[in-house]
Amino acid sequence: PRPRRVLETAARKTGWGKPPKKGQALGIAYHLSFGTYVAQVAEVSVDKGSGKIKVHKITCAVDCGSVINPDTVVAQMEGAIIMGLSAALKEKMEFADGGVKTANFGDYDLLRMSETPEIEVHIVPSTETPGGIGEPSTAGIAGALANAVYAATGKRIYRLPTRPADLRRA
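About the cut-offs
- Every chain begins its residue count from 1, and numbering advances along the sequence as written.
- Local features in this predicted model are restricted to residues whose pLDDT is 70 or higher, and side-chain atom pairs enter the listing and the counts only when it is 80 or higher, whereas totals over whole chains, interfaces and linings include all residues.
- The side-chain figures draw on all heavy atoms in the structure; neither hydrogens nor water molecules are used.
- Patches here are clusters of residues that have more than 30% relative accessible area and form no salt bridge, with a 9 Å joining cutoff for like charges and a 5 Å cutoff for nonpolar side chains (Val, Leu, Ile, Met, Phe, Trp, Tyr).
- Here, Shrake-Rupley sampling with a 1.4 Å probe gives the accessible areas, and only protein chains in the shown set may cover a residue.
- Salt bridges are defined by distance alone: a side-chain nitrogen of Lys or Arg within 4 Å of a carboxyl oxygen of Asp or Glu.
- Secondary structure is summarised from DSSP: a helix means a run of H or I of at least four residues, a strand means a run of E of at least two, and numbering begins at the N terminus for each.
- Burial status follows relative accessibility: with a 1.4 Å probe on protein chains alone, a residue under 20% of its type maximum counts as buried, one over 50% as exposed, and anything between as partly exposed.
- For the purposes of these results, a polar contact is taken to be a pair of N or O atoms within 3.5 Å, where, inside protein, one atom must be able to donate a hydrogen and its partner to accept one; residues adjacent in sequence count only when each atom of the pair is a side-chain atom.
- Stacked, tilted and edge-to-face pairs are distinguished by plane angle, under 30 degrees for stacked and over 60 for edge-to-face with tilted covering the rest, among Phe, Tyr and Trp rings (Trp via its six-membered ring) whose centres lie within 6.5 Å.
- Two thresholds decide whether a charge sits over a ring: the Lys NZ or Arg CZ must be within 6 Å of the ring centre and within 35 degrees of the ring normal.

Visitor: Even after reading the chapter, I still don't get a nonpolar patch on the surface, so can you show me in this structure?
Guide: A grouping of Leu7, Tyr30 and Leu32 is seen on the molecular surface, where their side chains present a nonpolar patch of about 230 Å² in accessible area. With respect to the helices and strands, Leu32 occurs in strand β1 (residues 25-33). On the basis of relative accessibility, which here comes to 42%, the residue Leu32 falls in the partly exposed class.

Here you go:
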């Protein structure tokens, strides 16, 4: 019942089943970790010429058991979603000359605030034992993103970070 509730909540809040906005596609994913159930829907568009992905909105439904402070849950989910999107879209370690090339943040590309999509978090009421809230939305967001990209292009993403060149060939 808990996985179903988060999936149904995320889908309902996104308007799943209705046609997406012109030029956009939706992808959904579910994740369970640390006793917390999370479903996320990514709304994306892919520039056919450049292969660049734009994430417009993320809708997240979370059941982490009994909630003491809802603001903390929302903040943790938002931050972890941004962290997961950054990993899926940009972050990569590069090596050269027998060592790490990306040795500092100047060499390590992260998601910028201007690239951060609208994020909506919906807490699913629960009386279950509290679960963890720090990381559960980080892991699943790449799946929602990949499913949305597939819906938009017909191309599956098999490695992260995504590479626009791979999508241009799609």
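On we go.
Visitor: Could you clarify how one ought to interpret the side chain of Ser126 in this entry?
Guide: Looking at where Ser126 falls in the secondary structure, it is placed in the loop between β6 (118-123) and α3 (136-153). Separated by 3.2 Å, the side chains of Ser126 and Asp63 make a polar contact.

Visitor: Whenever I open this one, the packing of aromatic side chains confuses me. Can you help?
Guide: Aromatic ring pairs are described here by two measures, namely the spacing of the ring centres and the angle between the planes. In this structure the tally under the stated criterion is zero aromatic pairs. Sitting over the ring of Tyr150, Arg156 keeps its end group 3.7 Å from the ring centre.

Visitor: Help me understand the environment of Lys18 in this model?
Guide: Along the chain, Lys18 falls in the loop between α1 (2-14) and β1. Its relative accessible area of 61% is what places Lys18 among the exposed residues. A sequence separation of 59 residues divides Lys18 from Met77, and the C-alpha atoms of the two residues are 26 Å apart.

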